[in-house]
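Observations on the three-dimensional arrangement
What follows is the residue order along each chain.
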Amino acid sequence: MAGGGFSDKGNLKRAHLYEYKITNYFIFACLVAAMGGSLFGYDLGVSGGVTSMDDFLKEFFPKIYRRKQAHLHETDYCKYDNQLLTLFTSSLYFAGLISTFGASYVTRNKGRRASILVGAVSFFLGGVINAASVNITMLIIGRILLGAGIGFGNQAVPLYLSEMAPAKHRGAVNQLFQLTTCLGILVANVINYGTDKIHPWGWRLSLGLATVPATLMFVGGLELPETPNSLVEQGRLEEAKMVLVKVRGTSNVDAEFADLVEASDAARAIKHPFRNLLERKNRPQLVLGALGIPAFQQLTGMNSILFYAPVMFQTLGFGSGASLISSLITSGALVVATLISMALVDKFGRRAFFLEAGMEMFCYMVAVAITLALKFGEGVELSKSLGYFLVIIIVLFVVAYGRSWGPLGWLVPSELFPLETRSAGQSMVVCVNLLFTALIAQCFLVSLCHLKYGIFLLFAGLIFIMSSFIYFLLPETKQVPIEEVYLLWKDHWFWKKYVEDDERKGLEKTNV
């Protein structure tokens, strides 16, 4: 059976019978769903910019504002070290982490579309409360609602895109999520650059405009079709086949539909998907998809650069306006990198992008660390030439990340799980991703203060480890139908022993 089982080989590998056309209906569905990435991206971009605005600091974090203005006898690395300020950023991700478990239930039982709509409503409410905030409590409440919205959106959108896409184009389609995330970051930085000049309420406008992508996603989501996989999972077979025909643009969908039904039969037998995810046969998906890749995506150090790019560039001696321009450049580079990945990932494969970019990212982090170690000291600002050099290195790092760990950190996990553990697995992906996002957000500035340039050497070491992890443990998934990806484990040098042991035990039980 496809997707969930490891037997009945006569029914496997029907991918050559799948037919499809790229229809307007399919394009509309994917573009609307991908808008979920803009919620995540807008917040990533807007948070760092707002926390570097003087008007925001004066109102909520006056001690940091006074420290920033007075240039106390701290090293420049410690200028923004404040746990309450970082809690403003990381509270959203802790909230998203918790909400993803509720999102798993909704996604599996009510459908991917329902989770997308819930996420849009929660994000909208969070944006309104943040814009109206008069104290830190309101700020944190708003961030929690934003986090819940991101938890639901990040849980459902990558699944939705992977399930709607034909296998041949799944990489590019899934990366629409990363593209809208990057566009959200870019738009947020453009807005921050403008609102930084509006005194004293420009920061309110930056935070309040989060309601715009949430509104667009909700209105578009009302017209969104449910995925055929989800409809089959809910037992709505006739509706599922109708949607599949409409999405694929052909009535010859029998082979693909048969695979969906068989995967669903296996999924329906699983009463406790989270417990099933821990079984030996699912060890590859657990280690790679649910734990390793989402954790390593954050441990590249990229989100630290996105969160705190304006703060970091100010710390490195750039003025407030110049630091926001630098952030604008980095977010623009991220969009370009994602477009490169979308165009080429289904041709060259996931592993090639992970490994080539990993080597580049390692070199760039070492270059940043050496530059800061030699030239950046207590009370000393970087020269303009070295400042520009650092910006160029960071942009190159962003381009490498933006075509590898950025989009593939969402794409690859969404490909790995069989249907019976897919929503539970995606919940684990989002949970681990947001946990490490929150930890990095909470710890980066204090680590920068204490480790100084060593923080970038730490990230370089982690990039080397994660590249080795990919090289040895991840098989290539390009153009493999999503309900047949599990077959790759049988041929993998390391994972096949887990799959074969489970098959052997299953056969022994059957014989008994």
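The preceding data block contains the structure.
First, a word on what this report is: a plain description of the structure on this page. (Residues numbered from 1 in each chain as written. Predicted model: local features only at pLDDT ≥ 70, side-chain atom pairs only at ≥ 80, totals over all residues. Heavy atoms only, no water.)

1. Quick notes on a nonpolar patch on the surface
A surface patch of nonpolar side chains, about 550 Å² in accessible area, is lined by Val 121, Phe 124, Leu 125, Val 128, Phe 218, Val 219 and Leu 222. Of all the secondary structure elements, the ones that give two or more residues to the nonpolar patch are α6 (112–131) and α11 (211–221). Of the residues forming the nonpolar patch, the biggest block, 4 residues, is contributed by α6. Counting through the fold element by element, Leu 125 comes out in helix α6. (Patch = residues over 30% accessible without salt bridge, like charges linked within 9 Å, V, L, I, M, F, W, Y side chains within 5 Å. Areas by Shrake-Rupley, 256 points an atom, 1.4 Å probe, with all protein chains shown as cover. Salt bridge = Lys/Arg side-chain N within 4 Å of Asp/Glu carboxyl O. Helix = DSSP H or I, 4+ residues; strand = E, 2+ residues; numbered from the N terminus.)

2. Examining the side chain of Thr 211
Inspection of the secondary structure puts Thr 211 in helix α11. Side-chain polar atoms of Thr 211 contact the backbone oxygen of Gly 208, separated by 2.9 Å. Apart from the residues lying within four places of it in its own chain, the contact partners of Thr 211 are Phe 124, Gly 127 and Val 128. (Polar contact = N/O pair within 3.5 Å; in protein donor to acceptor, adjacent residues only side chain to side chain. Contact = heavy atoms within 4.5 Å.)

3. Let's talk about the nonpolar core
Core analysis: the biggest nonpolar cluster contains 125 residues, and Phe 56, Leu 161 and Trp 405 have the highest contact counts within it. In contact with Leu 161, other than residues within four places in its own chain, are Cys 30, Ala 33, Ala 34, Val 173, Asn 174, Leu 176 and Phe 177. (Core = buried A, V, L, I, M, F, W, Y, C linked by side-chain atoms within 4.5 Å. Buried < 20%, exposed > 50% of the residue type's maximum accessible area, 1.4 Å probe, protein only.)

4. Some words on the packing of aromatic side chains
Two aromatic rings are characterised by how far apart their centres lie and by the angle between their planes. Tallied over the entire structure, the rule returns 18 aromatic pairs. With a centroid separation of 5.0 Å and an interplanar angle of 90°, the aromatic rings of Tyr 471 and Phe 472 are classed as edge-to-face. Since its relative accessible area comes to 49%, Tyr 471 is described here as partly exposed. Sitting over the face of the ring of Tyr 193, Lys 197 holds its NZ or CZ atom 3.5 Å from the ring centroid. Lying over the aromatic face of Tyr 25, Lys 246 brings its terminal NZ or CZ to 4.4 Å of the ring centre. (Phe/Tyr/Trp six-rings, centres within 6.5 Å; stacked < 30°, edge-to-face > 60°. Lys NZ or Arg CZ within 6 Å of the ring centre and 35° of its normal.)

5. A short note on the environment of Leu 159
Structurally, the position occupied by Leu 159 is in helix α7 (residues 136–164). Leu 159 sits 256 residues away from Glu 415 along the chain, and the two C-alpha atoms are 8.4 Å apart. Apart from residues lying up to four places away in sequence, Leu 159 is in contact with Thr 107, Arg 112, Arg 422, Ser 423 and Gln 426.

6. Thoughts on the packing of helix α16 (residues 283–299) against helix α23 (residues 454–473)
α23 packs onto α16 with a crossing angle of 155° between their chain directions and a minimal axis gap of 10 Å. By the angle class used here, α16 and α23 are roughly antiparallel. Every pair of crossing elements has a handedness; the one defined by α16 and α23 is left-handed. Contacts between α16 and α23 involve Val 287, Leu 288, Gly 292, Ile 293, Phe 296 and Leu 299 from the first element and Phe 459, Leu 462, Ile 465, Met 466, Phe 469, Ile 470 and Leu 473 from the second. The class makeup of the residues in the contact of α16 with α23 is 12 nonpolar, 1 polar and no charged. (Axes fitted to C-alpha atoms, helices over the stretch in contact; angles between N-to-C directions. Parallel < 35°, antiparallel > 145°, perpendicular 65-115°, else oblique. Left-handed = near helix turned anticlockwise from the far one by under 90°. Nonpolar A, V, L, I, M, F, W, Y, C, P; charged D, E, K, R; others polar.)

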